[in-house]
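# Geometric and topological summary
So the chains spell out like this:
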Amino acid sequence: AAPAQGARRAGWRRLPGLAAEPDLPKGLAGAAVPLLATIPGVRHRRWRREREDLDSVFQGKGPLVDVLDKPRSAFTRAIAQLREALDAAGDGATPRRILIAGVRPGSGASTIALNLALDAAGLDRPALLIDSGLGEAGLTASFAPEAEAGLPEIVSGRVGLVRAALQDEGTGLFFLPRTGPAAGITAMQLSHDVLGAARRFSPVVVDGAVPGTDGLTQRFAEAVDDIVLVLREGQVGRDDLAEAMAALGPFAAKLRGLVVNEA
């Protein structure tokens, strides 16, 4: 007799296979740097435009925040994979101070840094995002263009880190904007006055400029624990990676790996 409608058939349930280790892009084949994650392209992107739909100040202002907008997406899973890889590289040590920098302009390092920090905040971790990037599309220009305090005010002693940082009520993420000139800020000041004062936060994610293009990013490279380089598929070869590592100088030893950004 035929089985009743809706009845289960005998047999094995097919489970999804184990996720394969990500492969380096062809142009970087053989590079002695691991690939931490590949961030997939985003399809059917949905913008949240109505204020009542927003849960965070980081939504609806341009930069992609699918960790918030699409928490079950492949993009969000890839960000979680990056977070897990960095946790493993840190061997459980806290706090972790992580610099995210693009190998070339337009690599999407700000997007990766922002979503990595939001992912940590979503796990109720005391995350801090620091903007040390450049350009009109930077995190500060997007989210806190009228901020009055940042790194210069902290290292001068005018305000403390917690007073200068802005907290997003929706996610709990703290954000330290880039304000004022940074040329006089030393790596020692970043290490002691900023990152040293951020001991209550972990992770501390720093959005940086392309290595070799901005002194502040170089000084953060000296002060942080981990460095992640972001590249776009098909746009970077081994020469680009070599130039970025050369620009990092002795701090290239802190490089934990690469992220391929397809978003």
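Every chain's residues receive numbers from 1 upward, in the order its sequence appears when written. For this predicted model, a pLDDT threshold of at least 70 governs which residues receive local features, and a threshold of 80 or more governs which side-chain atom pairs are given and counted, while totals over whole chains, interfaces and linings are taken from all residues. Remark: hydrogens and water are excluded; side-chain values derive from all non-hydrogen atoms of the structure.

Fitting a line to C-alpha atoms yields each axis, with helices limited to the stretch in contact; the angle taken between N-to-C directions then spans 0 to 180 degrees. Think of it this way: any DSSP run of H or I at least four residues long counts as a helix, any run of E at least two long counts as a strand, and we number them from the N terminus. Their axes nearest at 10 Å, the elements helix H2 (residues 74–90) and helix H3 (residues 109–122) cross at an angle of 80°. Our classification of the angle between H2 and H3 gives roughly perpendicular. Between H2 and H3, the contacting residues are Phe-75, Ile-79, Ala-80, Leu-82, Arg-83 and Leu-86 on the first element and Thr-111, Ile-112, Asn-115, Leu-116 and Asp-119 on the second. Our angle categories are set so that under 35 degrees counts as roughly parallel, over 145 as roughly antiparallel, 65 to 115 as roughly perpendicular, and the remainder as oblique. The contact definition used throughout considers only heavy atoms, calling two residues in contact when any of these lie within 4.5 Å.

What follows concerns the packing of helix H7 (residues 187–195) against helix H8 (residues 215–223). A pair of packed helices can be characterised by two numbers: the angle between their axes and the separation between those axes. Two elements in contact, H7 and H8, have axes whose closest approach is 8 Å; the angle formed by their N-to-C orientations is 65°. In the crossing of H7 with H8, the sense of the turn from one axis to the other is right-handed. Residues Ala-187, Leu-190, Ser-191 and Leu-195 of H7 pack against Leu-216, Arg-219, Phe-220, Glu-222 and Ala-223 of H8. Side-chain classes are defined by residue name, with Ala, Val, Leu, Ile, Met, Phe, Trp, Tyr, Cys and Pro counting as nonpolar, Asp, Glu, Lys and Arg as charged, and the others, Gly among them, as polar. The residue makeup of the contact of H7 with H8, split by class, is six nonpolar, one polar and two charged. Left-handed describes a crossing whose near helix is turned anticlockwise from the far helix by less than a right angle; the clockwise case is right-handed.

In this description, a nonpolar core means a group of buried Ala, Val, Leu, Ile, Met, Phe, Trp, Tyr and Cys residues linked to one another through side-chain atoms lying within 4.5 Å. Here's how the labels work: a residue is buried when its accessible area is under 20% of the maximum for its type, exposed when over 50%, partly exposed in between, all with a 1.4 Å probe on protein chains only. Within the largest apolar cluster, 41 residues are counted, with the highest numbers of intra-cluster contacts made by Leu-128, Ile-130, Leu-176 and Phe-220. Per-element accounting of this core gives the leading share, four residues, to H8. Those residues in contact with Ile-130 that sit more than four places away from it in its chain are Leu-176, Val-194, Leu-195, Val-204, Val-205, Val-206, Asp-207 and Phe-220. Val-67, Phe-75, Leu-129 and Ala-144 belong to the second largest nonpolar core, which has 34 residues in total.

A few words now on the sheet that holds strand E7 (residues 226–232). DSSP bridges decide pairing: two strands pair if at least two such bridges lie between them. Taken in spatial order, the eight strands line up as E1-E8-E7-E2-E6-E3-E5-E4 in an open sheet, and their pairing is mixed. Where the open sheet ends on each side, the last strands, each with one partner, are strand E1 (35–39) and strand E4 (166–167). Sheet topology places E7 next to strand E8 (residues 255–261); six bridges connect them, and they run parallel. When the sheet's bridge partners are listed, Leu-231 is paired in E8 with Val-260. On the sheet, H2 packs against E1, strand E2 (97–102), E7 and E8 and is oriented at approximately 165° with respect to E1.

This brings us to the pairing of E8. Taking burial as the measure, the seven residues of E8 include six buried ones, the bulk of the element. Relative to E8, E1 runs parallel, the two being bridged by four bridges. By the bridge assignment, Ile-39 is partnered in E8 with Asn-261.

Taken across its seven residues, E7 has six buried, putting it largely inside the fold. Of the pairings in the sheet, the one linking E2 to E7 comprises five bridges and is parallel in character. Bridge pairing in E7 links Gly-102 to Val-230.

In this analysis the probe radius is 1.4 Å and the grid spacing 1 Å, with only protein atoms considered; a cavity is a set of points the probe fits into but cannot get out of, a pocket is an open set with protein on both sides within 12 Å along at least five of seven lines, and lining residues have an atom within 4 Å of a point. Grid points are joined across faces, edges and corners, and a volume is the space filled by probe spheres set on the points. Here the largest pocket is characterised by a volume of approximately 380 Å³. When residues of the lining of the largest pocket are traced back to their parent elements, those giving at least two are H3 and strand E6 (204–208). The biggest single contributor to the lining of the largest pocket is H3, with three residues. Taken together, the residues of the lining of the largest pocket sort by class into eight nonpolar, 12 polar and four charged.

We now examine the pattern of salt bridges. A carboxyl oxygen of Asp or Glu within 4 Å of a side-chain nitrogen of Lys or Arg is what we treat as a salt bridge. Counted according to the given criterion, the structure contains nine salt bridges. For Asp-119, the salt bridge goes to Arg-83, with nearest N and O atoms at 2.7 Å. Remark: Arg-83 occurs in helix H2 and Asp-119 occurs in helix H3; sequence separation between them is 36 residues. Asp-119 gets classed as buried once you look at its relative accessible area, which sits at 9%. Note on Arg-83: relative accessible area 14%, which makes it buried. Close ionic contact of Arg-256 with Asp-226 constitutes a salt bridge, the shortest N to O distance being 2.7 Å. A residue pair is termed long-range when its members are at least 10 positions apart, and Arg-256 in strand E8 and Asp-226 in strand E7 qualify at 30 residues. Using a relative accessible area of 25% as the deciding quantity, one classes Arg-256 as partly exposed. Overlapping salt bridges bring together Arg-83, Glu-84 and Asp-119 as one network.

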